[in-house]
Each structure stands twice: as structure tokens, then as C-alpha cells.
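Architecture at a glance
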Amino acid sequence: MKVNFLLFSLLLFCLIGVAQEIKPKKIRRMSIQELYVQPGFMIQEDKTINLADFKKLNPPTLLLNNDYSSFNNGYSTYISANPTFTGLIGIKFRNKEKTEYKTNPVLRIGLQANSGINLNNSFFNKSTKPYDTLVSVLTGEEFPLDSFINEYVDISYQSRQLRFDVSLIFNIRPEKRWSFFYGVGANAGVSTSSEIGLRYNKTGGIGGEVFESNVGKSGSISSFYQKVDQKTNTSFSVYAPVGINFRIGKRGRKWENIFIYYEARPMVNVTSIPQLQTFTSSAFQQGIGMKFNL
């Protein structure tokens, strides 16, 4: 009887132990489940500001001391493409049963390094005066030659920025080898460096037209570049990320937790520059990176 009781007690103890092992263990409310690394580039339109605005900053000496009232504006708007680098962690949230983490949404948090807004302008001036006259020995026709001096000034404001980046991502068909995602995001930060650069070139020569052909010679007289460091600027942007994931390995095989992904971010940038003003511009960032499921 005692033996039967002991055997029953041992069996009951084993069943309780098995039941405890089968019972799902509760998990934390959120957990870091992903890691993102993405180089890329940002395309945006440069802004043009006038000399009076540049002089509000701490400009190069040449800009303050020289008179450019006779110069013509020669700048034309263009699009610049600057490199970016983004590093993020992906945080997932647990389900209602508190047994596993949901596929959607994923909260991404990290840092982004990029180039800030570019401010530009350029000016040129050309002066000429009579130099000599050529006379044809055959026809007696005269061809005047002029001496000329060309001056070019290019001035630009550039900065490099470090931003705190956060976005909320929703995945489509995440169980498949090819999957898609979309979401909403924002980032904000400060410049790690900013500067005004001024480039000056002066060329001269002699030229004219002889029998409907241009003749003459020209060369560089002087040129130099000067830059001045600027105060820290601040910026933020809002964007709508959209992209595609590719799982390197099939499920259940090696590399199943490593992805190559492409992400595009149409965005609006807002940059505040001390002593000047706040600039708003549209931009487009894109890149190919790698995602790791932890």
C-alpha cells in the first residue's frame, strides 16, 4: 500500500512538472528583435540666398571687404545628392496572450548621419577695354582686339548633421521571402560641423574676331579658397518610409534571419540657421541596407 502511494505521488509530481513546462512563459511588454544598417544618399534642392543674407553670418573676410555691387548674379538652382548612413534597432510588442511578439507594428529607433541643407550663390563680372587693332595687308580691313578681365565668386553654406531617428513600420507578408513595408517617421538633430566657403577666380586675356573667327589668349590671374566655421544649426524632418525586404536564406535554413532591404523616404526637411532664418525643403532619401533578426 505504501509502495502504491509512493508511486502515485511520484507520478503526480512528474505530471505537475510537465504541466509547468508546457505552460507558456510570459514575456516582456517589448523587446529588441531587429537591427538595421543602411548606407544611402539624400537628394534635395539647394537654396539660393543673397549676399546680404550671407553677411548676416560670420562670412569670409573677402565677402565683407570687397564691393560686389557691379557683379551679376550667375547662380542657377540645381539638385544635390549627399551621402547618408543610418543605424537602427527594431522593437516589437507582445501580443494580448503575452506569449510572443507581434509582427506589426515595429518601432525603429536609432541615429542618422547626413549632410544638411546647402545654401549657394555665385557672381561674375566682366570688364573690357580696347587693346589693339589688326589690319589685313590684303584687304585693309581692321579688326579691333580687346583686353578683358573676368572675375567669379562662388559662395556656399554647408553642414553635416547627426539626427535621432524614430519610425513606426508595418510589414506586409513578413513570413514570405519577399516582403514589403511602409510607415511613418521623423528625425531631429544638430550639425556636427558647418561652414561658409568662398571661392574666387580671376582670369584675363586678349581677344577679338578676325575674319569671323575668334582669336586671342587668356589665362588665370589669381584664385583662392577661404572657409569660415559657423554656429551649430538644428533641423528636423518628417518622412514616409516605404520599401522591400529580401530574406537571404529560406526559412529553417542558414541565413534565414538576415535580410537585404531597399528603403525610400520622401520627406520634408526644416533647418534653423542661427542669425539667419528657418528653411523648409523637400527631399528624397534612399538606400540599400541589411536587416538582422535577433
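In what follows, the accompanying structure is described. Keep in mind it's a predicted model, so treat the numbers as computed, not measured. Per chain, the residues get numbers from 1 upward, laid out in the order the sequence is written. Local features in a predicted model are, by the rule used here, given only for residues with pLDDT of at least 70; side-chain atom pairs are given and counted only at 80 or more, and totals for whole chains, interfaces and linings are based on all residues. Hydrogens are left out, water is left out, and the side-chain values use all remaining heavy atoms of the structure.

Turning our eyes to something else, we now look at the pairing of strand 12 (residues 258–272). Strands pair, by our definition, only if DSSP identifies at least two bridges between them. Labels follow the DSSP assignment, with helices taken as runs of H or I lasting at least four residues and strands as runs of E lasting at least two, numbered in each case from the N terminus. Two elements, strand 10 (residues 234–239) and strand 12, share 6 bridges in a ladder whose sense is antiparallel. The partner of Val-238 across the bridge, within strand 12, is Val-268. The pairing of strand 11 (residues 242–247) with strand 12 spans 6 bridges and is antiparallel. Counterpart to Ile-244 in the pairing with strand 12 is Tyr-262.

This part is about the environment of Ile-288. Residue position: Ile-288 is located in strand 13 (residues 278–293). Assessed through its relative accessible area of 56%, Ile-288 is described here as exposed. Considering only alpha carbons, one finds Ile-288 and Val-37, 251 residues apart in sequence, at a separation of 8.9 Å. Using a 1.4 Å probe on the protein chains alone, a residue whose accessible area is under 20% of its type maximum counts as buried, one over 50% counts as exposed, and one in between counts as partly exposed.

Right, let's talk about the pairing of strand 8 (residues 178–210) for a bit. In terms of strand pairing, strand 7 (residues 142–172) meets strand 8 through 28 bridges, oriented antiparallel. If you follow Asn-171 over to strand 8, its bridge partner there is Phe-181. In this structure, strand 8 lies alongside strand 11, joined through 5 bridges in antiparallel fashion. Directly across from Tyr-182, in strand 11, lies its bridge partner Val-242. Judged from the 6 bridges that link them, strand 8 and strand 10 form a sheet pairing that is antiparallel. Bridge assignment links Gly-189 to a residue of strand 10, and that residue is Ser-235.

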